[in-house]
Amino acid sequence: LISFFVTSITPAIITFISSFFTIPLACLLSPCSLQLLCQACEALGAGEILLNCIDKDGQNNGFDIALIRQMKASVSIPVIASSGAGKPQHFIDVFQATNADAGLAAGIFHRREVGIDEVKAAVSSSGIPCRT
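What comes next is a walk through the structure. Keep in mind the model is a prediction, meaning the values are calculated, not measured. All residue numbers refer to position in the chain's written sequence, counted from 1. Note on the predicted model: pLDDT of at least 70 is required for a residue's local features to be given, and 80 or more for side-chain atom pairs to be given and counted; whole-chain, interface and lining totals, by contrast, use all residues. Hydrogen atoms and water are omitted, and side-chain values are computed over all heavy atoms in the structure.

### Topic: the packing of helix H4 (residues 65-74) against helix H5 (residues 88-98)
Part 1 of the reasoning: Between the N-to-C directions of two axes lies an angle of 0 to 180 degrees, each axis being a line fitted to C-alpha atoms and, for a helix, fitted only over the stretch in contact. Only DSSP runs of H or I with at least four residues qualify as helices, and only runs of E with at least two residues qualify as strands; both kinds are numbered from the N terminus onward. At a closest axis distance of 9 Å, the pairing of H4 and H5 adopts a crossing angle of 40 degrees. By the criterion of interaxial angle, the relationship of H4 to H5 is oblique. At the point where H4 passes H5, the crossing takes the right-handed sense. On H5, the residues touching Ile 65, Ile 68, Arg 69 and Lys 72 of H4 are Asp 93, Val 94, Ala 97 and Thr 98.
Part 2 of the reasoning: Following the grouping adopted for this structure description, the nonpolar residues are Ala, Val, Leu, Ile, Met, Phe, Trp, Tyr, Cys and Pro, the charged ones are Asp, Glu, Lys and Arg, and the polar ones are all others, Gly among them. In terms of residue class, the contact of H4 with H5 is made up of four nonpolar, one polar and three charged. Oblique is the label for every angle not falling under 35 degrees (roughly parallel), over 145 degrees (roughly antiparallel), or within 65 to 115 degrees (roughly perpendicular). It is the rotation of the near helix from the far one that decides the hand of a crossing: anticlockwise by less than a right angle makes it left-handed, clockwise makes it right-handed. The contact definition used throughout considers only heavy atoms, calling two residues in contact when any of these lie within 4.5 Å.

This is how it looks when you write it as structure tokens:
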């Protein structure tokens, strides 16, 4: 399953997105449909896309590179990669392979499997700009 979040929500975007939840689930899961939805959200004023692949969530085996690359290529607003990170190298991989604007993780930090400073150090040492 694929889920996503859109920031800069306006009533028009809420109405638009709500209409997609009345179509068959198979249509919602199509990468083409997701591209069109993200493009429509951008056209309606979304400031960024937080792309979360539920199939990768909690798996700790890396981000969904193909999906993130596809969505990044389909919109001009920032795309935040979410779900699947299990080690610092996964952040390096997603930034290098997709040009994602940001990477998000939660579980690995909550469970103290990886430290935030560890991820920042690895990303920075690979030449990718990172906030300190």
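### Focus on the packing of aromatic side chains
Part 1 of the reasoning: Think of it this way: a Phe, Tyr or Trp ring, Trp meaning its six-membered ring, pairs with another when their centres are within 6.5 Å, and the plane angle makes it stacked under 30 degrees, edge-to-face over 60, tilted otherwise. Here the structure, examined in full by the defined rule, presents one aromatic pair.
Part 2 of the reasoning: Ring centres of Phe 63 and Phe 91 lie 5.4 Å apart, and the angle between their planes is 75 degrees; on these two criteria the pair is classed as edge-to-face. With Phe 63 in the loop between strand E2 (49-53) and H4 and Phe 91 in helix H5, this residue pair connects regions lying 28 residues apart in the sequence.

### Re helix H7 (residues 116-125)
Part 1 of the reasoning: By the burial criterion, the buried members of H7 are Val 119, Ala 122 and Val 123. Seen end-on, H7 carries its buried residues on one side only, within an arc spanning 95 degrees. Residues of H7 that are exposed and point more than 90 degrees away from the buried face comprise Asp 117 and Ser 125.
Part 2 of the reasoning: Backbone geometry just after H7 places Gly 127 at a positive phi near 90 degrees. Exposure classes here rest on a 1.4 Å probe applied to the protein chains alone. A residue is buried below 20% of its type maximum, exposed above 50%, and partly exposed in between. Note: the arc covers the axis-to-C-beta directions of the helix.

### Comments concerning the nonpolar core
Part 1 of the reasoning: The criterion is simple. A nonpolar core is a set of buried Ala, Val, Leu, Ile, Met, Phe, Trp, Tyr and Cys residues joined through side-chain atoms within 4.5 Å. Counting 29 residues, the largest nonpolar core has Leu 51, Phe 63, Ile 68, Phe 91, Phe 95 and Val 123 as its most contacted members.
Part 2 of the reasoning: Discounting chain neighbours no more than four positions away, the residues touching Ile 68 are Leu 51, Phe 63, Ala 81, Val 94, Thr 98 and Ala 100.

### What about unusual backbone geometry?
Part 1 of the reasoning: Phi at Ser 83 takes a positive value of approximately 85 degrees, unusual for a residue other than glycine.
Part 2 of the reasoning: Turning to its location among the elements, Ser 83 is positioned in the loop between strand E3 (79-82) and H5.
Part 3 of the reasoning: Phi at Arg 112 is positive, roughly 60 degrees, even though this residue is not glycine.
Part 4 of the reasoning: When you line up the elements, Arg 112 lands in the loop between helix H6 (107-110) and H7.
Part 5 of the reasoning: Overall, the relative accessible area of 76% leaves Arg 112 in the exposed class.

### Let's talk about H4
Part 1 of the reasoning: Every buried residue of H4 is listed here: Leu 67, Ile 68, Met 71, Lys 72 and Ser 74. Looking down the long axis of H4, one finds its buried residues gathered within 165 degrees of arc, a one-sided arrangement. Exposed side of H4, more than 90 degrees from the buried face: Ala 66 and Ala 73 are the residues found there.

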